Amino acid sequence: MIDLTPDDLKSLVAQARLAPSVHNIQPSRWRFKYGTIELLGDPRRSIPMADPEWRDWRLSHGAALEGLSIALASRGLQIAKLDLEPPRQLRATEPMQSIARVTLASQNQLPPAEPTATRASWRGSFKPLHTETQSDLDRLAAARNDILLVRDADAIADTADLADRAGLFFLRDAEHRRELVAWMRPASSHADYHRDGLNAEAMCLAAVEAWGAGLVLGPLFQTLDRIGLAAPLVCERAKTVTASAIVLFHRPKGEDAFVSGRAFYRAWLDMERQGLKGCPMSALADWPVARAALAERHCVPADRQIVSVFRIGRPNGTPKFAHARLPVDELLA
Ligand SMILES: Cc1cc2nc3c(=O)[nH]c(=O)nc-3n(C[C@H](O)[C@H](O)[C@H](O)COP(=O)(O)O)c2cc1C
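Worth saying up front: this structure is predicted, and the values here are computed from it rather than measured. (Residues numbered from 1 in each chain as written. Predicted model: local features only at pLDDT ≥ 70, side-chain atom pairs only at ≥ 80, totals over all residues. Heavy atoms only, no water.)

Let's talk about the pattern of salt bridges
In this structure the tally under the stated criterion is 31 salt bridges. Between Arg88 and Glu94 there is a salt bridge, with its nearest N and O atoms 2.7 Å apart. On the basis of relative accessibility, which here comes to 45%, the residue Arg88 falls in the partly exposed class. Between Asp196 and Arg185 there is a salt bridge, with its nearest N and O atoms 2.9 Å apart. (Salt bridge = Lys/Arg side-chain N within 4 Å of Asp/Glu carboxyl O. Buried < 20%, exposed > 50% of the residue type's maximum accessible area, 1.4 Å probe, protein only.)

Notes on the site of the ligand
Taken together, the neighbourhood of the ligand is formed by 21 residues, with Arg119, Ser121, Arg123, Ser282 and Arg325 sitting nearest. Within the side chain of Arg119, an N or O atom sits 2.7 Å from an oxygen atom of the ligand. Within the backbone of Pro280, a nitrogen or oxygen atom sits 3.0 Å from a nitrogen atom of the ligand. Summarising the interface, the protein chains cover 87% of the accessible area of the ligand, which totals 620 Å² for the free molecule. Elements that contribute at least two residues to the shell around the ligand include exactly helix H2 (55-73), helix H10 (257-273) and strand S9 (277-280). Ranked by the residues each element gives to the shell around the ligand, the list is headed by H2, at three residues. Considering only residue class, the shell around the ligand consists of ten nonpolar, seven polar and four charged. (Near = heavy atom within 4 Å. Polar contact = N/O pair within 3.5 Å; in protein donor to acceptor, adjacent residues only side chain to side chain. Areas by Shrake-Rupley, 256 points an atom, 1.4 Å probe, with all protein chains shown as cover. Helix = DSSP H or I, 4+ residues; strand = E, 2+ residues; numbered from the N terminus. Nonpolar A, V, L, I, M, F, W, Y, C, P; charged D, E, K, R; others polar.)

A word on the domain arrangement of the protein
You can read the domains of the protein as domain 1 (6-117) and domain 2 (131-313). Between domain 1 and domain 2, the C-alpha centre-to-centre distance is 23 Å. Each partner contributes residues to the interface: domain 1 has 35 residues there, and domain 2 has 27 residues. Taking both partners together, domain 1 and domain 2 bury about 2700 Å²; carbon and sulfur atoms supply 59% of that area. For the pair domain 1 and domain 2, the number of links is six salt bridges. Across the salt bridge formed by Arg266 and Glu114, the nearest N and O atoms sit 2.6 Å from each other. Where domain 1 touches domain 2, the interface holds ten residue pairs in polar contact (both at pLDDT 80 or more). (Domains from an automatic or database assignment. Contact = heavy atoms within 4.5 Å. Buried area = accessible area lost by both parts, 1.4 Å probe.)

Printed below as a string of structure tokens:
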């Protein structure tokens, strides 16, 4: 039985917490018990309006577990056995849920290090496409069989339009907007600015722009929408069209979102390894109209489903690596 000291567990969790989570809600908690690590989920840290089936919540746990697996590997350990609780419909008022139990084993060969420290969402625009970036995209496409790269400029522009339509579809729901705004941290004076959610830096917005975004998505939205100004204010087309590629991340139909989440994190790390930054555009995968249109246009096989869509490229600016994360002590159950 592999034994871990409290300090070992803390350093594992410190690396695992760099995994992405939807809206940076960080729902995963960890407990070490009799040679196993238990992954727990906090239903209070959820977005039931944007994620009514709790798919992104579960996907975020899968990414967190993959983060743990990477952290274990860098210490000569591995997951010997994974016991997964089946997905079920939850309510935000429910107590902490057991998600998975991991039994550890040692491993002799250290796998190559993963760029977990430098991977971060990039929500700015991208540099023009160079030959070098073309090669990065070729390598990325060759590395994975669960991504499809949309590289044609017209198809990227069409996806940018579709993404804005999808975004607006969800933003027109007041409860959805309220939930999003609750996870936004426009000012550095916000108590949770460096802890969770989407802060101004992460959104690539100056403080005043982030404050404005809060107003546009908050009390002003309906009025602006009535006079046709909401769409131009929230649209991201100008940024999306600068992307060198759109990534369609597709997984087997019916796959547990936890399993998809593990692959999602690895796919993002593969992008990072090629020097490609970007961010998911979930609305495209969440809105059935957009998901179906993309699957049809780009010939996603019938037994696969689009789980996420990214825009990627070489960042036109300097990404910040100061991940807003909860302190490790708060992540230990
Ligand atoms: C399931 C899932 C969906 C996400 N959807 C979006 C999205 O639609 N737009 C976006 O900008 N970021 C999206 N993200 C990225 C998260 O907001 C991001 O991972 C989180 O804020 C942590 O920041 P980091 O990626 O820089 O570590 C998503 C992440 C996950 C795991």
